[in-house]
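Okay, here's what each chain looks like letter by letter:
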Amino acid sequence: MLRFLQNYPHALEVIYAAFERILLPFRRWLKPGSPLEPAITWAEKVGKEAVFDCQMCGQCILHSTGMTCSMTCPKNLRNGPCGGVRMNGNCEVKPEMPCVWVQAYERSQRMPKYGHDLIQIQPPVNRQLEGSSSWINMLHGIDIDLPKGWVQVGDIPIINSAQVK
């Protein structure tokens, strides 16, 4: 419906930053289980679905992926493309569909504030948050809280291929 707006990632970046500033003072009222939660979740679903084909994962990383919903990837990849991106930049699973990560890269190049976030490693999707408001989850740090037994991304060592022998 309004998906053409994704082609203006810098404008969406400005809107995202404004939403973040606007919602922050209302943090104490915007909580999981609060009377406002259903309205916020509905508004988020309607708005983000129209623009981003939002899948309501509850851990939105749009600002880190060039304002492209990584959950629209048929493989639900959160940290870059699979090895099957076609030569024309389309998806290996759905050949008629542009690769979500090719789009994310291209769009992130036009985002001065958050564009560099594309290279940050994202935690796996916590499926327990599906259907919940990512704004509410973000305001309370729920989107970055990992279930018991999961490892923080920062705790995973990055090994240079030259170091492995």
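Visitor: Could you clarify how one ought to interpret the nonpolar core in this entry?
Guide: Within soluble globular proteins, side chains that are nonpolar generally end up buried alongside one another. Membership of the largest hydrophobic core comes to 18 residues, with the highest contact counts inside it found for Phe52 and Met67. Where this core is concerned, the elements lending two or more residues are α1 (9-23), α2 (37-52) and α4 (134-139). Here this core gets 4 residues from one element, more than from any other, and that element is α1. Counting 7 residues, the second largest nonpolar core, distinct from the first, contains Cys73, Cys99, Val100 and Ala104.

Visitor: Mind showing me how you'd approach the pattern of salt bridges here?
Guide: If the charged atoms of two oppositely charged side chains come close together, the side chains can form a pair. One pass over the full model with this rule turns up 5 salt bridges. Between Glu49 and Lys45 there is a salt bridge, with the nearest N and O atoms lying 2.9 Å from each other. On the criterion of helical spacing, the pair formed by Glu49 and Lys45 is a turn pair, its members being 4 residues apart in helix α2. Here Glu49 falls in the partly exposed class, since its relative accessible area comes to 33%. Residue classification places Lys45 among the partly exposed positions, given a relative accessible area of 39%. When the shortest N-O distance is used, the salt bridge between Lys75 and Glu92 registers 2.3 Å.

Visitor: Just to check I follow, could you spell out the layout of surface pockets for this structure?
Guide: Where empty space is left becomes clear once a probe the size of a water molecule has been rolled over the atoms. Approximately 480 Å³ is the volume attributed to the largest pocket. Contributing to the lining of the largest pocket are 22 residues, with Phe19, Glu44, Lys48, Phe52 and Trp135 lying nearest its centre. Elements represented by at least two residues in the lining of the largest pocket include exactly α1, α2 and α4. Looking at which element gives the most residues to the lining of the largest pocket, the answer is α2, with 7 residues. Of the residues contributing to the lining of the largest pocket, the split by class is 15 nonpolar, 4 polar and 3 charged. Estimates place the volume of the second largest pocket at around 240 Å³. Forming the walls of the second largest pocket are 15 residues, and the residues nearest its centre are Ile61, His63, Gln122, Asp143 and Ile144. Its residues assigned to classes, the lining of the second largest pocket shows 6 nonpolar, 5 polar and 4 charged.

The rules we used
Residues numbered from 1 in each chain as written. Predicted model: local features only at pLDDT ≥ 70, side-chain atom pairs only at ≥ 80, totals over all residues. Heavy atoms only, no water. Core = buried A, V, L, I, M, F, W, Y, C linked by side-chain atoms within 4.5 Å. Buried < 20%, exposed > 50% of the residue type's maximum accessible area, 1.4 Å probe, protein only. Helix = DSSP H or I, 4+ residues; strand = E, 2+ residues; numbered from the N terminus. Salt bridge = Lys/Arg side-chain N within 4 Å of Asp/Glu carboxyl O. 1 Å grid on protein atoms, 1.4 Å probe; cavity = no way out; pocket = protein on both sides within 12 Å on 5 of 7 lines; lining within 4 Å. Points joined across faces, edges and corners; volume = space filled by probe spheres on them. Nonpolar A, V, L, I, M, F, W, Y, C, P; charged D, E, K, R; others polar.

The values are spatial; any link to function lies outside them.
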